Amino acid sequence: MTPPDLDRASALFLDVDGTLLEIAASPELVVVPPSLPGLLAHLHDQLGGALAIVSGRPLAEIDRLLAPFASSAAGEHGVAVRYDDGTLEEAPAGMAVPEPWREALQAAADRWPGVQMEPKPHGVTMHYRLAPDHANDVWRLVRALVSEDHPHFRLLPAREAVEISLRGRSKGSAVERLMGQAMFQGRRPIYIGDDFTDEAGMSMARDLGGVGLRVAESFSGDPAQVRSWLVRGAERLDGGAPRAVPTGISP
Ligand SMILES: [Mg+2]
């Protein structure tokens, strides 16, 4: 679907990896264009604060990557939600992947070259982008740890990765919670994401009268096109005048 024009009644929900930023060989290697935090801050102001980051990364990671920009955000696929006033909501509080699971996953990552374990405050992600031959090994292991009817945890497939995540929370539940905040209310949500885990966010945005945009379909799979669309949106909200983007920095 062709991305709609941003207007003053829009609310933006943006995934990070594969949406705002190009996917890197491993999560710590992503490159943040220097103009991006300023662009997000400008849009955040233009939309009256109705801009949220919705990522699988922990909140602290999102903040570190996009600093000095900080806003409403959902981390770990909706397990942690932070509102614009800084209020944090983590649910269920204190619930995290058991230590013996983490140890088993780390031991496996040590055993399988290229497989990377990313510990998070609540969940754990096993990445096999650099070791596709071990995809089946990784899946066998996480399936052995997390039964399909486990009361607290579930497996979340992601791009060349699988996450052990808490049940009952998703990017969709995060969008719903954030849309209940005053600055989002009455707005038309536009959710942009690239991954399986974004589908819940997209369908919630649609349920709430908005749109869900897949990067692959609406932006040719290219985060640079997402950023260009955001720049054009900021210009439009500025009243048509081309926005002063620092020279030498492509969107
Ligand atoms: Mg993504």
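Residues numbered from 1 in each chain as written. Predicted model: local features only at pLDDT ≥ 70, side-chain atom pairs only at ≥ 80, totals over all residues. Heavy atoms only, no water.

Caption draft 1: Just the packing of helix 3 (residues 99–111) against helix 4 (residues 135–145), in detail. The N-to-C vectors of helix 3 and helix 4 enclose an angle of 170°; their axes lie 11 Å apart at closest approach. One element, helix 3, and the other, helix 4, form an angle in the roughly antiparallel class. Considering only the axes of helix 3 and helix 4, their crossing is right-handed. Packed against helix 3, whose contacting residues are Trp101, Ala104, Leu105 and Ala108, the element helix 4 presents Leu141, Val142 and Leu145 at the interface. Broken down by class, the residue content of the contact of helix 3 with helix 4 amounts to seven nonpolar, no polar and no charged. (Axes fitted to C-alpha atoms, helices over the stretch in contact; angles between N-to-C directions. Helix = DSSP H or I, 4+ residues; strand = E, 2+ residues; numbered from the N terminus. Parallel < 35°, antiparallel > 145°, perpendicular 65-115°, else oblique. Left-handed = near helix turned anticlockwise from the far one by under 90°. Contact = heavy atoms within 4.5 Å. Nonpolar A, V, L, I, M, F, W, Y, C, P; charged D, E, K, R; others polar.)

Caption draft 2: Spatial organisation of the coordination of the magnesium ion. Taken together, Asp15 (OD), Asp17 (O) and Asp194 (OD) make up the protein donors of the magnesium ion, found 2.1 Å from the metal. Of note, the magnesium ion draws all its donor residues from one chain, in the sequence arrangement D-x1-D-x176-D. With Asp15 in the loop between strand 1 (10–14) and helix 1 (36–46) and Asp194 in the loop between strand 10 (188–193) and helix 6 (199–207), this residue pair connects regions lying 179 residues apart in the sequence. (Donors = N, O, S within 2.8 Å, 3.2 Å for Na, K, Ca; no water.)

Caption draft 3: Structural view of helix 1. Listed as buried for helix 1 are Leu36, Pro37, Leu39, Leu40, Leu43, His44 and Gln46. Residues of helix 1 that are buried sit in contact with strand 1, strand 2 (51–54), helix 2 (59–66) and helix 8 (223–237). Immediately downstream of helix 1, the backbone of Gly48 shows phi near 65°, a positive value. (Buried < 20%, exposed > 50% of the residue type's maximum accessible area, 1.4 Å probe, protein only.)

Caption draft 4: Summary view of the pairing of strand 9 (residues 161–166). Counting buried positions over the six residues of strand 9 gives six, a clear majority of the element. Sheet analysis places strand 7 (residues 124–127) next to strand 9, joined by four bridges and oriented antiparallel. Residue pairing in the sheet places Val124 in a bridge with Ile164 of strand 9. Strand direction decides the pairing type here: strand 8 (residues 153–158) and strand 9, joined by six bridges, are antiparallel. Across the sheet, Pro157 pairs through a bridge with Val162, a residue of strand 9. In this structure, the hairpin formed by strand 8 and strand 9 is closed by a connection of two residues, where Glu160 is found at a positive phi of approximately 50°. (Pairing = 2+ DSSP bridges.)

Caption draft 5: Structural context of the sheet that holds strand 8. The strand order across the open sheet formed by four strands is 6-7-9-8, and the pairing between neighbours is antiparallel. The sheet terminates laterally at strand 6 (116–119) and strand 8, the two strands that pair on one side only. Looking at each pair of strands side by side, their axes are set apart by 20° on average, direction ignored. Each of strand 6, strand 7, strand 8 and strand 9 touches helix 3; the most contacted strand, strand 6, lies at about 150° to it. Where helix 4 meets the sheet, it contacts strand 7, strand 8 and strand 9, and its direction lies at approximately 15° from that of strand 9.

Caption draft 6: Focus on the environment of Phe184. Along the chain, Phe184 turns up in the loop between helix 5 (171–179) and strand 10. Placed 30 residues apart in sequence, Phe184 and Arg154 show a C-alpha to C-alpha distance of 30 Å. If sequence neighbours within four positions are ignored, Phe184 has contacts with Ala11, Phe13, Gly49, Ala50, Leu51, Ala52, Ser72, Leu178 and Met179.

Caption draft 7: Representation of the side chain of His77 within the structure. For His77, the location among the structural elements is in the loop between strand 3 (72–75) and strand 4 (80–82). Classification of His77 by relative accessible area gives buried; the value is 7%. Once residues within four sequence positions are removed from consideration, His77 is found in contact with Ser55, Gly56, Lys120, Leu156, Glu163, Arg169, Ser170, Lys171 and Thr197.

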